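In case you want the letters, here they are:
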Amino acid sequence: MNANITLGQFLPGDSAVHRLDPRTKILLMVVYIAIVFVVKSLTVFLLPVVLLVVMFAFAHVPASYFFSSLKPMRWLLAFMFVINLFATTGDTILFQWKFIRLTQEALLQAAFMTLRLILLVAGTSILTLTTSPIALTDGLEKLMSPLRKLHFPAHELAMMMTIALRFIPTLMEETDRIQKAQMARGADFESGNIFQRAKSMIPVLVPLFVSAFRRADELAMAMESRCYHGGEGRTRMRELHFHWRDLTATLLLLLVLAGIVVWEKLPL
Amino acid sequence: MPIVIEQLSHTYLPGSALAYPALSDITLTVSDGEFLGVIGHTGSGKSTLIQHFNGLLLPTSGSVHVDGLDTREKKLRKQIRSLVGMVFQYPEYQLFEETVERDVAFGPKNMGLDDAEAATRVSEALCLVGLDPAEFAEKSPFELSGGEKRRAALAGILAMRPKYLVLDEPMACLDPRGRREILALIESLRRDFGTGIVMVSHSMDDVAMYADRIAVLDKGSLYLVGSPEEVFSRGAELIEMGLNLPQATQLVRALRKRGVPIEHDYFRMDELTKELVGRWRHER
Ligand SMILES: Nc1ncnc2c1ncn2[C@@H]1O[C@H](COP(=O)(O)OP(=O)(O)OP(=O)(O)O)[C@@H](O)[C@H]1O
Ligand SMILES: [Mg+2]
């Protein structure tokens, strides 16, 4: 199993951030993403950085989670950095060797783009780290429910997401188990070229699909025998409620957004 | 040569926030042709331990040697896996080929055997598990019954002619007759081919009946290894660990409580039955 995937992982807790309404958190995440994209200069970037640190602190998430959320992204980040470093043109030459030229503008641009990506990933991982998958899909369903008037299947989509999220660990475990069982019969997943490797996955994929279909079937049966018939008239066990803290958080973030827009416009 | 496990420790997800020490400091030897039973409460690390026997898991510290071959050596892994056959819980979920014959041949083919040799091994293994090759070889594994699927999967491992056979709760969810048949098969492998057996089981009666030695795991440590007599004479400790006693031992205790003097500590039902029948005849 891949243990390094912090992306999309939930860390149970009881912090102020955990207790925010999922709808607030989703909406605030949209605002946060907007902020990260609106910022155009390196100095103003200080604000979202501070914001991120404050969010991590309030959520009581250890800094190690910040780094492990970036780990799967490290090659993409490095790639972005290098591409921007050499693809950006500029006048202030810092270093030149044959046709390789490094300019100050390129260095700034590369740092800027990489930082932007880091802020995006780390920010969204705060959302998933502090919101249980159930709360997340509940929030999404509620947010999408006005679209039901347009025959948009909000409930069905949310239910599909909940089930998918629920079964990701199960399927990972299952893959691990089948893979081990085939390895015990001498299957080799590690050597050979890409085609041989793809072919060597068949003994894993076939049993995996068989069991996924079996599970889906059993789940459908279990849901139906408990009278599940879609979202019509369905009530919830836990209703979502907005609290004062939701309003406070929203106002704070909007303030930061306004501040950034003003700062960007001011000639500094 | 035996399987030698020395000071084995295993930590899942080492170095992460979720690190979990599943095994610590286990030293154990499985001799040729021996039947070792492994018991322990749920989560005690039985499955983790046996996956070390063929290098599916590698020691975090310590070592595992199979006939002198170190499981950490990548080059030796194929050889080790053909020496140690491994039957997981619910082995039927590993079937994938279009026909039973081809599925059973998967292991032998991976060992690099030619088609003729593989075919011999397939029919030999199918006969061993009691599936008639003429009837079952061409069937799809997915149209077999649950019990037949399990035997087909078992055949897939026996076709590799392993020197050691490691089984993780091989009888889970089988009916009494299915259980007896699988146990009889395991016992005959040992008798006829001298296969060394390591079997994880939740059934105290099965290990009491068949095992030469029993290893008791508790919270990732090896609490005790010894003959069935030695292990089941420490009933109080086993119950403390969330384990059970064999039915025969329980019956002996109940009879003693009611004043029937039984000197010997029985743990096999067949032996206790003999004793009780003997007494009954004597009294008449
Ligand atoms: N892949 C894994 N990642 C992290 N922890 C694991 C993993 N597999 C097992 N564990 C943990 O290691 C411990 C021992 O597990 P193991 O499967 O060896 O127990 P077991 O004795 O076989 O139990 P059971 O009788 O239920 O099969 C458990 O607490 C389990 O949660
Ligand atoms: Mg187990």
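About the thresholds
Counting from 1, residues in each chain are numbered in the order their sequence is written. Whichever chain is written first is A, and whichever ligand is written first is 1; the rest continue in order. In keeping with the predicted nature of the model, local features appear solely for residues at pLDDT of at least 70, side-chain atom pairs appear and are counted solely at 80 or more, and the whole-chain, interface and lining totals rest on all residues. For the side-chain quantities, the full set of heavy atoms in the structure was used; hydrogens and water were omitted. Strands here mean DSSP runs of E at least two residues long; helices mean DSSP runs of H or I at least four residues long; both are numbered from the N terminus. Between the two quantities, the radius of gyration covers C-alpha atoms and the globule rule is 2.2 Å times the number of residues to the power 0.38. Three exposure classes are used, based on accessible area relative to the maximum for each residue type with a 1.4 Å probe and protein chains only: buried under 20%, partly exposed in between, and exposed over 50%. In this analysis, rings of Phe, Tyr and Trp, with Trp reduced to its six-membered ring, are considered paired at centre separations within 6.5 Å, and the interplanar angle assigns stacked below 30 degrees, edge-to-face beyond 60, and tilted for intermediate values. Two limits define a charge over a ring: the Lys NZ or Arg CZ must be within 6 Å of the ring centre, and within 35 degrees of the ring normal. Residues are said to line a cavity or pocket when one of their atoms sits within 4 Å of a point; the points come from a 1 Å grid over protein atoms alone, cavities being sets where a 1.4 Å probe fits but cannot get out and pockets being open sets with protein on both sides within 12 Å along at least five of seven lines. Grid points are joined across faces, edges and corners, and a volume is the space filled by probe spheres set on the points. Each residue receives one of three labels: charged for Asp, Glu, Lys and Arg, nonpolar for Ala, Val, Leu, Ile, Met, Phe, Trp, Tyr, Cys and Pro, and polar for the others, Gly being one of them. Here, proximity means that at least one heavy atom of the residue falls within 4 Å of the molecule or strand. What qualifies as a polar contact is a pair of N or O atoms within 3.5 Å, subject to a donor-acceptor requirement within protein and to the restriction that residues adjacent in sequence count only when both atoms come from side chains. Working definition of accessibility: Shrake-Rupley area with a 1.4 Å probe, residue cover restricted to the visible protein chains. For every element, the axis is a line fit to its C-alpha atoms; helices are fit only across the contacting stretch, and the angle between N-to-C directions ranges from 0 to 180 degrees. What sets the label is the angle itself: under 35 degrees gives roughly parallel, over 145 gives roughly antiparallel, 65 to 115 gives roughly perpendicular, and the rest give oblique. Throughout, a crossing is termed right-handed when the near helix is turned clockwise from the far one, and left-handed when it is turned anticlockwise from it by less than a right angle. Should any heavy atoms of two residues lie within 4.5 Å, those residues are considered in contact. pLDDT runs from 0 to 100 and stands for how confident the predictor is about each residue. By this definition, two strands are paired if DSSP reports at least two bridges between them.

Draft legend 1. Local environment of the overall build of chain A. Along chain A, the regular secondary structure elements total eleven helices and two strands. Each helix (α) and strand (β) of chain A, taken in turn from the N terminus, gives the series α-α-α-α-α-β-β-α-α-α-α-α-α. Compactness check: chain A gives a C-alpha radius of gyration of 24 Å against a globular reference of 18 Å for 268 residues, more than 25% above the reference. Over its C-alpha atoms, taken along the principal directions, chain A stretches across nearly 70 × 60 × 40 Å. When burial is assessed residue by residue, chain A has 35% of its 268 residues classed as buried.

Draft legend 2. Representation of the packing of aromatic side chains. Residue and element names in this part refer to chain A. Counted under the stated rule, the structure contains eight aromatic pairs over all chains. With centroids separated by 5.7 Å and ring planes inclined at 90°, the aromatic side chains of F56 and F66 adopt a geometry described as edge-to-face. Here F56, found in helix α3 (residues 46-58), pairs with F66, found in helix α4 (residues 63-70); they are ten residues apart in sequence, far enough to count as distant. Take F56: its relative accessible area is 9%, and that puts it in the buried class. Centroid distance F209 to F213: 6.4 Å. Interplanar angle 35°. Geometry classified as tilted. With F209 and F213 both in helix α10 (residues 202-225) and four residues apart, this pair spans about one turn of that helix. Pairwise contacts between aromatic rings join F56, F66 and F67 into one cluster. A cation over an aromatic ring shows up here: R166 above the ring of F167, its NZ or CZ 4.5 Å from the ring centre.

Draft legend 3. Region of interest: the layout of surface pockets. Residue and element names in this part refer to chain A. Roughly 930 Å³ of volume is contained in the second largest pocket. As for the second largest pocket, its lining consists of 30 residues, of which D138, H155, M159, R234 and R236 are closest to the centre. Mapped by element, the contributors of at least two residues to the lining of the second largest pocket are α7 (133-144), α8 (154-184) and α10. Across the lining of the second largest pocket, the residue classes break down as twelve nonpolar, eight polar and ten charged.

Draft legend 4. How the structure looks around the site of ligand 1. Residues and elements named next belong to chain B. Every one of the 13 residues lining ligand 1 counts as a neighbour, but G43, G45, K46, S47 and T48 are closest to it. Note that an oxygen atom of ligand 1 is positioned 2.5 Å from one of the side-chain N or O atoms of T48. If ligand 1 stood free it would expose 630 Å²; the protein chains cover 68% of that surface. Taken together, the elements giving at least two residues each to the shell around ligand 1 come down to β2 (20-30) and α1 (46-50). The dominant element in the shell around ligand 1, judged by the number of residues it contributes, is α1, at three residues. Per-class residue counts for the shell around ligand 1 are three nonpolar, eight polar and two charged.

Draft legend 5. View of the packing of helix α5 (residues 74-87) of chain A against helix α6 (residues 104-130) of chain A. Residue and element names in this part refer to chain A. Running from N to C, α5 and α6 cross one another at 155°; their axes reach a closest spacing of 8 Å. One element, α5, and the other, α6, form an angle in the roughly antiparallel class. Once α5 is placed against α6, the crossing between them reads as right-handed. Residues L76, L77, M80, F81, N84 and L85 of α5 touch α6, and the partners they reach there are A106, L107, Q109, A110, A111, M113, T114, L117 and I118. In terms of residue class, the contact of α5 with α6 is built from twelve nonpolar, three polar and no charged.

Draft legend 6. Seen up close, the confidence of the model for chain B. Summing up the model confidence of chain B, the mean pLDDT is 93 and the portion of residues at 70 or higher is 100%. Here the predicted complex scores 0.79 on pTM and 0.88 on ipTM.

Draft legend 7. Examining the sheet that holds strand β10 (residues 221-226) of chain B more closely. Residue and element names in this part refer to chain B. Spatial ordering of the open sheet is given by β6-β7-β8-β3-β9-β10, a layout of six strands whose pairing is mixed. At either end of the open sheet lies a strand with only one pairing partner, and these are β6 (84-87) and β10. Averaged over all adjacent pairs, the angle separating strand axes in this sheet is 15°, with direction ignored. Two elements, strand β3 (residues 35-40) and strand β8 (residues 196-200), share four bridges in a ladder whose sense is parallel. Across the sheet, residue G37 finds its bridge partner in β8, namely M199. Running over the sheet, helix α6 (residues 146-158) touches β6 and β7 (164-168) and is turned about 165° from β6.

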